[in-house]
Amino acid sequence: MTACVNRKHSRRVAAVISASLVGALSLGIAPVAAMANEGVDMLVADTAQSLKDGKVIEWTDADGDVITGTEFTYKEGVAQFVVPTVVDPQVGANIELDGNTAYKIAYYRVVDGTPTDGDQTKDGKKLSYIRSGAAGCETEGTYVAAVLPNVSGVKAIEGAQIEFKIVGNKLENAKVVNAADADSEGFTFRAAGYEYGSGWAIKLGEDRIGVSNELDSIKLYKDGKLQDDLKFVDAGNYTLRIEGKGDYAGQSAEIKFTVSAIDLASAKVTFNNGVKLSAESNVALPDFVSQLESGSTGTITFADLDGKGKSQGWSTADVSGESNDESNRIILDLAFQPDQSTSGTPTDGVNGKFVYKLTAKNQDGSECTNVIGERTITVTRYGQSAAITYDGVANNSTPTSPVRRFDAELVEARITGGDQRLLEHSISYYMDADGDRTYETAVDAADTVWPGDYIAHVEVVDDTFAWGGAKDIYFKVDAVTVQEADAYITFRGEPIDEGDTVEIYSGSDLMADLGIEAFDRDGDALPADAFELEVKDSEGNVVTELVNAGTYTATIKEKAQSMYRLDEDADADVEFTVDPVKLTYTYGTTVTKTGNGDIRLAGAPTVTGISNAYVYTGGAVVPTYEYDLTDARFGYDKAVEWVALPEGAYKVEYQKYNETSKAWEDVDECVEPGNYVAILSDNAKDDNYVVDARLTFEITDTKVFLDVPNDFWAAESVYEAAANGWMSGYGYTGFFGPNDNIKRGDVAVVLYKMAGQPEFVDEGQYDETTGFKTGFGDVDGKMYYAEAILWAKQAGIVSGDEGTGMFRPEDSISRQELAKMLTVYAEKCNEDVSSDVDAVLGEYEDANTVSEWAKGYVAYLVEAGVMGNESPLRATDPITRAEVATMVVRLSDTVDFDNVIFK
């Protein structure tokens, strides 16, 4: 696909308001200023009057922290309440309450009864005034904070209200926690089980609760079966049912929790020789298991294992505390796995590689659900021990000094004595998270770049087993500490200083323009993802998009798994601003731009050759406005791009110059010919724009075309189509021919101009003698419409008469033929042109005039409001030039021509 350049809608250089026009804006300064001041006074009055219909939209808690919730948990003797900070009245700008003495905040409690004195909520609930103010909001209940005018005698109903509650903590929020493990919520099977009080507890909020004061009943269920006591041991699903008393009287709750099984595949395994293995080699052969550990809670300790059957490689764990109850015993079976070269259980005098499998089962033969999975362990026996070193050092019993990366090239294994030749070796890596020198988590070599304690397990590889051995090398990877001066936040590659304005609001997301540059102590740049960036708005909320104008704080954050750290004294924050679009001017003897952009009129049909002149049509002229940013700091002075000013960004009033009284007078509409000024002021509800501008314009009854009166039914569409460059008159005659039928070739020209007359012709499609090679036998390549027809054919908009190779450029086009061309054009602009054809066309009595092939095209234009608005469909009738102008203008209101993409 090739995207054609749309000349009409792309960036373009446009004339800035001339000095003479700016000077004209100063005409009638006094009346305009007086009117603006009156408007401000009226706005204040309206705001006060509409306060009772307003809403509190921002508030803090009693400590001044911004919050979004309105519910507090009861704390004995502690007042808890909301403090309104911003009110959105029904009329006017938001009211900032901080330091604003025009308003006061009163506090009320919702009580039973019928209100009689105006102290009531918006929905009619009675309020009781709290004379001690917010300090009286201590007990459970529903409260109201009312923002009121700061005058005496005012009632709650006259202010903006926000309701909040103080509620007691509820048993339904309680949870079961591990009492011996910092109140964690996780449990893993352990032989000793978990006793109520010492092993597990109930926590509500920050406190533990129990039978003594808060609970009247506690019952424990496993898989729906009531347990005899409050001790749980076996893995499975549990439910705790509690009933409250005292402050929790009448409340009950069910708390569900799970005890997980110990998984042999991931548990720490300790054997009778005291060595903990993780499927690796060792110098001694294990006989039986003496301990299992899973995390910090799940254990089967040595005291639980009596070594029964150890000569057969298994031991038992009594998980009930009753040594004679075999149904509660778990057998941990360490079974040798013979292969082709070895049979029977190996002895210490045999060299080789031996494999064991560790499994679990219940002694009574039933499936073990408390210890699950299995573990394969490989043990190597060899003849003589090799010498294993790291960087020439043999003793690595303590972690080495902090390093950035463990270097496997520094590991050597050599024969002792004699020739000292090198032996092959393998290295396995483990994370030693708790520093107990055990193989806790196997990791890849690449993972050892992260800060932490590690074990490199080195094992000699010798197929003859004449030489062997294994050594654990402990090492610690420390973080790379970055000083404050070596890390900074950037915007588009440039460092941001505190308080910088980085850009002007454009509606685009600027987050991708923020970055971090950081350097290590050697001055080398760190990876782009060494740190992460967090951005908060002025209210402290984390934002993921940087779109709106405002003040933001960007913070360099350390990643959880990263070898890079900021110096503890480093200030990782920087505050910056995205400016609003400021279309503001100072008015006096001269007009001075004080903002960061220019503004101009747009939106209505204009008169060519007359500056800021609109065509008189008998209807109201409603200008819209465009702005161009001109701030040299951001390079906006280097190219001009006019952008539509959103209607919600400004308020507008009009004045018309009275030629008789020689004064400017207020008008509600701009209709009759004459000189006008549009007075734009700021809409405070849109913080992305600040507007204070006055633009003069003229409504003239000068005709654009001699044969198109200003009150002609299609005059506005004809003028707009001409102003946009889509249609023109007949040569230099000044005539448009609004009622003339339009030719098929001329329609191709109109569509070509709508697309911006893109450059599209490939080599070989133009000939100096014959002109454009359209492929249609009846199109003269030298005619004015030939290039447009060739483009329309290549774009897939026209194909000519099927089977004839003819286009008929001089023939009048029918309404349904135009419907096809416009619908295909809309589709090329990524519009969905589907419609319910029968339902749409069924509304017209002359639907039978639409040919079968054209029904979908006509239905789309009807549904889009382009066709059939004022008349029957008349599908086969020729269409006039005025009707074409009307349809293309209506289509432009529905379809964004900037999106056009053609083959």
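Residues numbered from 1 in each chain as written. Predicted model: local features only at pLDDT ≥ 70, side-chain atom pairs only at ≥ 80, totals over all residues. Heavy atoms only, no water.

Let us now look at the sheet that holds strand S37 (residues 487–491). Pairing within the open sheet is antiparallel, and its three strands lie in the order S38-S37-S40. If you trace the sheet from one side to the other, it starts and ends with strand S38 (494–495) and strand S40 (514–518), each paired once. Relative to S40, S37 runs antiparallel, the two being bridged by five bridges. Within S40, the position partnered with isoleucine 489 by the bridge is isoleucine 516. (Pairing = 2+ DSSP bridges. Helix = DSSP H or I, 4+ residues; strand = E, 2+ residues; numbered from the N terminus.)

Take the sheet that holds strand S41 (residues 531–536) next. Sheet strands associate in pairs through backbone hydrogen bonding, adopting either a parallel or an antiparallel arrangement. If you trace the five strands from one edge of the open sheet to the other, you get S39-S45-S43-S41-S42, paired in mixed fashion. Lying at the two open borders of the sheet, with one neighbouring strand each, are strand S39 (500–504) and strand S42 (542–543).

The next thing to look at is the pairing of S37. The element S37 is largely enclosed, with a buried count of four among its five residues. Here S37 runs beside S38; their pairing, made up of two bridges, is antiparallel. Across the sheet, threonine 490 pairs through a bridge with proline 495, a residue of S38. Hairpin connection from S37 to S38: two residues lie between these consecutive antiparallel strands, with arginine 492 at a positive phi of about 55°. (Buried < 20%, exposed > 50% of the residue type's maximum accessible area, 1.4 Å probe, protein only.)

All right, on to the pattern of salt bridges then. Evaluation of the coordinates by the stated rule reveals 28 salt bridges. Between arginine 815 and glutamate 883 there is a salt bridge whose closest N-O contact spans 3.5 Å. Note that arginine 815 is positioned in helix H6 (residues 815–828) and glutamate 883 in helix H9 (residues 881–894), a separation of 68 residues in sequence. Assessed through its relative accessible area of 4%, arginine 815 is described here as buried. For glutamate 883, a relative accessible area of 13% gives the class buried. The structure contains a network of salt bridges with shared partners spanning Arg744, Asp801, Arg808, Asp811 and Glu817. (Salt bridge = Lys/Arg side-chain N within 4 Å of Asp/Glu carboxyl O.)

Moving on, we get to the nonpolar core. Formed by 71 residues in total, the largest nonpolar core has its most connected members in Trp791, Ile797 and Leu891. Where this core is concerned, the elements lending two or more residues are helix H3 (715–723), helix H4 (744–754), helix H5 (786–794), H6, helix H7 (837–841), helix H8 (855–863) and H9. (Core = buried A, V, L, I, M, F, W, Y, C linked by side-chain atoms within 4.5 Å.)

Relative to the helices and strands, serine 266 is located in the loop between strand S18 (262–263) and strand S19 (268–271). Considering only alpha carbons, one finds serine 266 and serine 294, 28 residues apart in sequence, at a separation of 7.5 Å.

As enumerated under the stated definition, the model contains 32 aromatic pairs in all. Residues tryptophan 200 and phenylalanine 232 carry aromatic rings whose centres are separated by 5.9 Å and whose planes lie at 40° to one another, so their mutual orientation is tilted. Placement of tryptophan 200 in strand S12 (residues 200–204) and of phenylalanine 232 in the loop between strand S15 (225–226) and strand S16 (236–244) is noted, with a sequence separation of 32 residues between them. Aromatic rings pair up to connect Phe187, Tyr194, Tyr196, Trp200, Phe232, Tyr238 and Phe257 into one cluster. (Phe/Tyr/Trp six-rings, centres within 6.5 Å; stacked < 30°, edge-to-face > 60°.)

Summarising burial for H4: 10 of the 11 residues are buried, a large majority. All of the buried residues in H4 are Arg744, Gly745, Asp746, Val747, Ala748, Val749, Val750, Leu751, Tyr752 and Met754. Residues of H4 that are buried in the fold lie against H5, H6 and H9. Remark: glycine 756 follows H4 within two positions and exhibits a positive phi of approximately 90°. (Contact = heavy atoms within 4.5 Å.)

When S41 meets strand S43 (residues 550–558), the two strands line up antiparallel, connected through six bridges. Each bridged residue has a counterpart across the sheet, and for glutamate 534 the counterpart in S43 is threonine 555. Of the pairings in the sheet, the one linking S43 to strand S45 (residues 573–579) comprises six bridges and is antiparallel in character. Within S45, the residue paired with threonine 553 across the bridge is glutamate 575.

This brings us to H3. Every buried residue belonging to H3 is among Ala715, Ser717, Val718, Tyr719 and Ala721, and all of these are buried. Next to the buried residues of H3 lie strand S49 (613–615) and H9. Positive backbone phi, at 80°, marks glycine 725, one or two positions downstream of H3.

Attention now moves to the packing of H4 against H6. If you want to describe how two helices pack, look at the angle between their axes and the distance between the axes. One can describe the packing of H4 onto H6 by two numbers: an axis separation of 12 Å at closest approach and a directional angle of 20°. Classified by the angle between their axes, H4 and H6 sit roughly parallel to one another. Once H4 is placed against H6, the crossing between them reads as right-handed. In contact with Arg744, Val747, Leu751 and Met754 of H4, H6 contributes Glu817, Leu818, Met821, Leu822 and Tyr825. Considering only residue class, the contact of H4 with H6 consists of seven nonpolar, no polar and two charged. (Axes fitted to C-alpha atoms, helices over the stretch in contact; angles between N-to-C directions. Parallel < 35°, antiparallel > 145°, perpendicular 65-115°, else oblique. Left-handed = near helix turned anticlockwise from the far one by under 90°. Nonpolar A, V, L, I, M, F, W, Y, C, P; charged D, E, K, R; others polar.)

What follows concerns the side chain of aspartate 88. For aspartate 88, the location among the structural elements is in strand S4 (residues 83–88). Here lysine 685 takes part through its side chain, which lies 3.0 Å from a polar atom of the side chain of aspartate 88. If near-sequence neighbours (up to four positions away) are discounted, aspartate 88 is found in contact with Gly54, Lys55, Ile57, Asn94 and Lys685. (Polar contact = N/O pair within 3.5 Å; in protein donor to acceptor, adjacent residues only side chain to side chain.)

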